[in-house]
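# Fold and geometry: a report
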Amino acid sequence: MDKIRIAGGRRLSGKVRIGGAKNAALPAMAASLLTDEPVHLSNLPDVWDVGTMRRLLLRLGTSVTQPSLHEISLTTESLSSHDAPYELVKTMRASVLVLGPLLARHGKARVSLPGGCAIGARPIDQHVAGLEKLGARITLAHGFVDAEADRLHGTTIRFDQVTVGGTENLLMAACLARGETILENCAREPEIVDLATLLTSMGAVIEGAGAERICIKGVDRLHSATHSILPDRIEAATYLVAGALVGDEVELQGCRPEHLATFSEALRTIGVSVEHNEDSIRVRSAQGALKAFDFETAPYPGFATDMQAQLMVLLTQAHGQSHIVETIFENRFMHVAELGRMGARVELHGNRATVHGPTPLSGANVMATDLRASACLVLAGLVAEGETVIDRVYHIDRGYEHIEEKFAGLGADVERIV
Ligand code: EPZ
């Protein structure tokens, strides 16, 4: 199993290019099931989860061509299966995003229930209830969601809680429903807007994506489209923290600073220098002492749960007590125990963490537990004294493109050990 070895303490400088967003690429790939014509996606990140979605689509009957590493063309003239099997769904929960498109275009879907995962229980009740309101007949048995529908019909659906995947699944399904669908209490993440942009260029009629209320006027069919996946704001946030920790001058290129407004503001309050242009951000570590900072994770435009672990590493170097409240997933502090082995002092009480800083970190052998927790260990390794070896690197490979190469390009002493 691959590991990443980091010799900490090297200063970083230079430019790093931010890739396409995994969490926008996965729904975009699922959306290709809504048409029998080719959907061409560029700026696709070269990460494992994209490979898993590709395998799932192949299994459903999609013909896939990849003209280059960062482009894919997906054509589903007809389906060879309606089944998203357990082996694939258990490795990647975002597989449930094929449920809405399969049902809307093909009237039938059988998708394994994802079950819990490392960061929390993560039910899909909101997806299921919404599809039922659109007219689907759904049974849950033997660990599968079995769904059938004649043509879906538009209606008003209010999510009981804000859900990114739920909003995406229903948005896709509603595009081919008869009549108008209103979705209320929607997630407002930039990845939702990116999906709506793709669907619109496929011929869908959508108003309000990025707002709490989305209105979709159903059409009879969708067609071919070409779409460039938006830049990954979570990858960008991770490199911003690296720059804040050990950066002389690090420039992130090809990103969308407006999607990182809350995060950049947090870094400035902590004492980090962050400047942005239209599509780049420059970050330097603080000249003086870093200040403690309190935050609570929340749906966009609030503080993203996917950036919580990374910011915690920075706060181990800040003076005073920082308080973090995790409101989205109930088990998203798994990095705390590993950071503790590197010298961090973090107290946990349920969904609240108190970081006591500053504490010098020291390199250690640590274990990656989930995607963002793993990224936080890489960041800790960069600032720690001595050598850090991170095991179970496959968690990082699910969502970070060539992370060791990108950090090495900035001057870090980092390598993959196979
Ligand atoms: C998406 O997951 C992202 N994944 C996650 O990124 C991200 O952490 C999360 O949104 C929150 O921003 C993708 O986009 C592929 P949710 P998703 O539905 O859609 C509860 C990463 O590291 N809920 O918005 O699964 C749920 O349990 C990953 O890249 C229900 O109760 O998240 C959670 O507490 C991890 N019932 C909250 O809502 C439902 O039917 C938000 O989940 C659906 C969700």
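Please read all numbers here as calculations on a predicted model, not as lab measurements. (Residues numbered from 1 in each chain as written. Predicted model: local features only at pLDDT ≥ 70, side-chain atom pairs only at ≥ 80, totals over all residues. Heavy atoms only, no water.)

## Details of the packing of aromatic side chains
Two aromatic rings are characterised by how far apart their centres lie and by the angle between their planes. Taken as a whole, this structure holds four aromatic pairs when the rule is applied. Between Tyr239 and Phe407, the aromatic rings sit 4.6 Å apart at their centres with planes inclined by 35 degrees, giving tilted as the arrangement. Here Phe407 lies in helix α14 (residues 403–409) and Tyr239 lies in helix α8 (residues 233–246), a separation of 168 residues in the sequence. Centroid distance Phe293 to Phe295: 6.1 Å. Interplanar angle 25 degrees. Geometry classified as stacked. Pair check on accessibility: Phe293 and Phe295 agree, each one buried. Among the aromatic residues, those joined into a ring-pair cluster are Phe263, Phe293, Phe295 and Phe303. We note Arg110 situated over the ring of Phe144; from NZ or CZ to the ring centre the distance is 3.8 Å. (Phe/Tyr/Trp six-rings, centres within 6.5 Å; stacked < 30°, edge-to-face > 60°. Helix = DSSP H or I, 4+ residues; strand = E, 2+ residues; numbered from the N terminus. Buried < 20%, exposed > 50% of the residue type's maximum accessible area, 1.4 Å probe, protein only. Lys NZ or Arg CZ within 6 Å of the ring centre and 35° of its normal.)

## A short note on the pairing of strand β16 (residues 273–276)
Note that β16 and strand β17 (residues 280–284) share four bridges and pair antiparallel. Note on β17: the bridge partner recorded for Val274 is Val283. (Pairing = 2+ DSSP bridges.)

## Topic: the domain arrangement of the protein
Split by domain assignment, the protein resolves into domain 1 (3–19 + 231–417) and domain 2 (22–228). Each of domain 1 and domain 2 was reduced to a C-alpha centroid, and the two centroids are 30 Å apart. On the domain 2 side, the residues contacting the 25 residues of domain 1 number 23 residues. Contact with domain 2 buries area across many residues of domain 1, yet Tyr300, Arg398 and Glu401 alone supply 31% of it, more than any other trio. Where domain 1 touches domain 2, the interface holds two salt bridges. Applying the counting rule to domain 1 against domain 2 returns 11 residue pairs in polar contact (both at pLDDT 80 or more). Those elements giving two or more residues to the side of domain 1 that touches domain 2 turn out to be α12 (371–383) and α13 (394–397). Tallied by class, the residues present in the side of domain 1 that touches domain 2 amount to nine nonpolar, six polar and 10 charged. (Domains from an automatic or database assignment. Contact = heavy atoms within 4.5 Å. Buried area = accessible area lost by both parts, 1.4 Å probe. Salt bridge = Lys/Arg side-chain N within 4 Å of Asp/Glu carboxyl O. Polar contact = N/O pair within 3.5 Å; in protein donor to acceptor, adjacent residues only side chain to side chain. Nonpolar A, V, L, I, M, F, W, Y, C, P; charged D, E, K, R; others polar.)

## A word on the pairing of strand β23 (residues 387–391)
Sheet topology note: the strand β1 (residues 3–7)/β23 ladder contains four bridges and is antiparallel. Bridging across to β23, Ile6 finds its partner in Thr388. In this sheet, β23 lies alongside strand β22 (residues 365–367) in parallel orientation, the contact comprising three bridges. Bridge pairing links Val366 to Ile390 in β23.

## Remarks on the nonpolar core
Counting 74 residues, the largest nonpolar core has Val98, Leu171 and Leu199 as its most contacted members. The leading source of residues in this core is helix α1 (residues 22–31), at seven residues. Among residues more than four places away in sequence, those in contact with Leu171 are Leu183, Ile192, Leu195, Ala196, Leu199, Ile206, Ile214 and Ile216. If you look at the next biggest cluster of nonpolar residues, it comprises 72 residues, including Ile4, Ala237, Leu260 and Ala318. (Core = buried A, V, L, I, M, F, W, Y, C linked by side-chain atoms within 4.5 Å.)

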